[in-house]
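Structural overview for review
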Amino acid sequence: MTKIISGFSKFTKQEKINWIASTFFTEKEDAVSVLKKYWNSDENLQQLHDEFIENTISNFYVPYGVAPNFIINGIDYAIPMAVEESSVVAAASLVAKFWSARGGFKAKVVSTTKIGQVHFMYNGDFKALETYFEEIKPSLFEVTDTITKNMRKRGGGILDLELRDKSDKLNNYYQIHASFETKDSMGANFINSCLEAIAKKFKKEGIEIVMSILSNYIPECLVRAEVGCSIDELGENGVEFAQKFQQAVQIANVEPHRAVTHNKGIMNGIDAVVLATGNDFRAIEAGAHAFAAKDGQYKSLTHCEVNDGIFKFWIEIPLALGTVGGLTALHPLAKLSLELLQKPSARELMQIVAVAGLAQNFAALRALVTTGIQEGHMKMHLQNILNQLGASEKEKQELTTYFKKRPVSHSAVVSAYAKMKEL
Ligand code: MEV
């Protein structure tokens, strides 16, 4: 039987489910039941979710947790995190508490410029192209007037349009490189609408527009977050800890295999807050990794310095975030997250998210250079293993107590559970 279908998007939700269940599942009723179990009982809320994308047949839940005790620039925060990995929120909470007793986190936005490009082909004299660009440039701004009106009122808009010759990289390839200030919105739709209007006006015989699109590589939309304290404040083995911690960062700077995992840990914290606030984590991921490779080699996004008995640890990362527009007001939990964060501006959210990344990296490196990552990780994972085994609440409690002082591994839990069942 063919599994290819046309007109699927026109089906009702029930028809889509029926087709999926009967085409891909042997236990059809079970599949339908799982899909429906995740529907929200509030029909309006479910409809809202249904309409976020096409062909919605259910919801995919990710836990929504909170990491309290963050102090950022002297302000207290409880940071919302949407993430499925068991240790992320626990690690963030621990590190928040640790640094709240040492002055908290400091963060500042370095710059907020976003980028978009009209990519085009031109097979002619560059001087003539330049002259045409200069002539038409005022009209390129003018054609976006209606699109940029509200943004300009808020202090944003198109900052500059630049003609760039890329023909040394690809025959006949040129671009209009546009920079934008989008204030509290992430600005993707705004930027793309401006670029399409610009491309339409710019087009003429001899110029072949290929595409117009924002760039998720935005090294000029940059935020810096840091922590620091005297080495004595790092604990009993402060000197040794600081040294190993710094070495761990240095290793990530020179060894891409390590750098990718190091930065993955940073993104554990970053993506969780980005998702919880209704922002686009794929854009953030792409931009962050490109930034990590900006020197021609993939490197750590965090940095560490130990000087004159002072430990300093910081992150610099580009983050295009919005606190208005997109899902931020539409998704009830995204809206709630922003309220929980005391209704931040986009700049403030950049600071909070950078701190979440730095905290997560501190937690990972602290564990890695001391006890190792598995001890804490497996303790957090214990509940998942017990749930997989189908342990009851009472059994879970007993086994959690049992493993408090023992190393957790999948096989150790399986055998402890089996023994308990035998008794
Ligand atoms: C696991 O999700 C993240 C870590 O591997 C990060 C790291 O190694 O730095 C623990």
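On a predicted model such as this, the values are computed, not experimentally measured, just so you know. (Residues numbered from 1 in each chain as written. Predicted model: local features only at pLDDT ≥ 70, side-chain atom pairs only at ≥ 80, totals over all residues. Heavy atoms only, no water.)

**Section: the overall build of the protein chain**
Applied cut-off: Helix and strand definitions here come from DSSP, where helices need a minimum of 4 consecutive H or I residues and strands a minimum of 2 consecutive E residues; each element is numbered from the N-terminal end. Accessibility here uses a 1.4 Å probe with only protein chains present; expressed as a share of the type maximum, an area under 20% marks a residue as buried, one over 50% as exposed, and anything in between as partly exposed. Note on contacts: a residue pair is in contact if any heavy atoms of the two residues lie within 4.5 Å. Residue exposure ignores everything except the shown protein chains as possible cover, and the areas themselves are Shrake-Rupley values with a 1.4 Å probe. When charges are tallied, Lys and Arg are placed among the positive residues and Asp and Glu among the negative ones, while His and the ends of the chain are skipped. One atom stands in for each charge, and that atom is NZ of Lys, CZ of Arg, CG of Asp or CD of Glu.
In terms of helices and strands, the protein chain carries 15 helices and 10 strands. With respect to the principal axes defined by its C-alpha atoms, the protein chain has extents near 85 × 70 × 40 Å. Looking at the 423 residues of the protein chain, the share that counts as buried comes to 45%. A separation of at least 24 residues holds for 69% of the contacts in the protein chain among residues at least 6 apart in sequence. By element, 54% of the accessible surface of the protein chain is carried by carbon and sulfur atoms, the whole surface being about 22300 Å². Positive and negative charge centroids in the protein chain, built from 46 and 48 side chains respectively, lie 3 Å apart.

**So, the side chain of Ser 300**
Formally: The term polar contact refers here to a pair of N or O atoms within 3.5 Å; inside protein, the definition further demands a hydrogen-donor-capable atom paired with an acceptor-capable atom, and it admits residues adjacent in sequence only when both atoms are side-chain atoms.
Within the fold, Ser 300 resides in the loop between α10 (281-292) and β9 (302-307). By relative accessible area, Ser 300 is classed as buried at 5%. A distance of 2.9 Å separates a polar atom in the side chain of Ser 300 from a polar atom in the side chain of His 262. Setting aside residues no more than four positions away along its own chain, Ser 300 makes contact with Val 249, Ala 252, Asn 253, Ala 259, His 262 and Asn 263.

**Some remarks on the pattern of salt bridges**
A side chain with one charge may pair with a side chain of the opposite charge, provided their charged atoms come close. This is how the line gets drawn: We count a salt bridge whenever a side-chain nitrogen from Lys or Arg sits within 4 Å of a carboxyl oxygen from Asp or Glu.
Here the structure, examined in full by the defined rule, presents 14 salt bridges. Across the salt bridge formed by Lys 137 and Asp 160, the nearest N and O atoms sit 3.6 Å from each other. Taken together, the residues span a long stretch of sequence, with Lys 137 in helix α5 (residues 126-142) and Asp 160 in strand β5 (residues 157-165) at a distance of 23 residues. A relative accessible area of 31% means that Asp 160 is categorised as partly exposed. Across the pair Arg 282 and Asp 280 runs a salt bridge whose closest N-O atoms are separated by 3.3 Å. In this structure, a network of salt bridges that share partners links the residues Arg 224, Glu 226 and Glu 316.

**Structural notes on the site of the ligand**
Put simply, the rule is: Nearness is judged by heavy atoms alone; a residue qualifies as near a molecule or strand once a single heavy atom is within 4 Å of it.
In the vicinity of the ligand, the contacting residues are Glu 85, Arg 258, Thr 261, His 262, Lys 264, Gly 265, Asn 268, Ala 364, Leu 368 and Ile 373. The separation between an oxygen atom of the ligand and a polar side-chain atom of Arg 258 is 2.8 Å. Contact distances for the ligand include 2.7 Å between an oxygen atom and a side-chain N or O atom of Lys 264. Notes on the ligand: free accessible area 300 Å², of which the protein chains cover 84%.

**Some words on the packing of aromatic side chains**
We count it as follows: Aromatic contacts are taken between Phe, Tyr and Trp rings whose centres are within 6.5 Å, Trp giving its six-membered ring; a plane angle under 30 degrees counts as stacked, one over 60 as edge-to-face, and the others as tilted.
If you walk through the whole model with that rule in mind, you get 25 aromatic pairs. Ring plane angle 65° and centroid distance 5.0 Å describe the contact between Phe 120 and Phe 202, whose orientation is recorded as edge-to-face. Remark: Phe 202 occurs in helix α7 (residues 188-202) and Phe 120 occurs in strand β4 (residues 114-122); sequence separation between them is 82 residues. Residue Phe 120 shares its accessibility class with Phe 202, and that shared class is buried.

**Looking at the packing of helix α14 (residues 393-403) against helix α15 (residues 410-422)**
Operational definition: Note on method: axes are straight lines fitted to C-alpha atoms, helices fitted across the in-contact stretch only, with angles between N-to-C directions ranging 0 to 180 degrees. Comment on the angle field: the value is read as roughly parallel under 35 degrees, roughly antiparallel over 145, roughly perpendicular from 65 to 115, and oblique elsewhere. Left-handed describes a crossing in which the near helix is turned anticlockwise from the far one by less than a right angle; the clockwise case is right-handed. When residue character is reported, Ala, Val, Leu, Ile, Met, Phe, Trp, Tyr, Cys and Pro are called nonpolar, Asp, Glu, Lys and Arg charged, and the others, Gly included, polar.
Contact pair α14 / α15: the axes reach a minimum separation of 11 Å and the direction vectors enclose 125°. Relative to α15, the element α14 is oriented oblique. Once α14 is placed against α15, the crossing between them reads as right-handed. Between α14 and α15, the contacting residues are Glu 395, Glu 398, Leu 399, Tyr 402 and Phe 403 on the first element and Ala 412, Val 413, Ala 416, Tyr 417, Met 420 and Lys 421 on the second. Here the contact of α14 with α15 is built from residues that sort into 8 nonpolar, no polar and 3 charged.

**A few points about the packing of α5 against α7**
It is at 10 Å that the axes of α5 and α7 come closest, and there the two elements cross at 130°. With respect to α7, the element α5 is oriented oblique. The handedness of the crossing between α5 and α7 comes out as right-handed. Each of Leu 129, Tyr 132, Phe 133, Ile 136, Ser 139 and Leu 140 in α5 lies in contact with α7, whose residues at this interface are Ile 198, Lys 201 and Phe 202. Residues that form the contact of α5 with α7 fall into these classes: 7 nonpolar, 1 polar and 1 charged.

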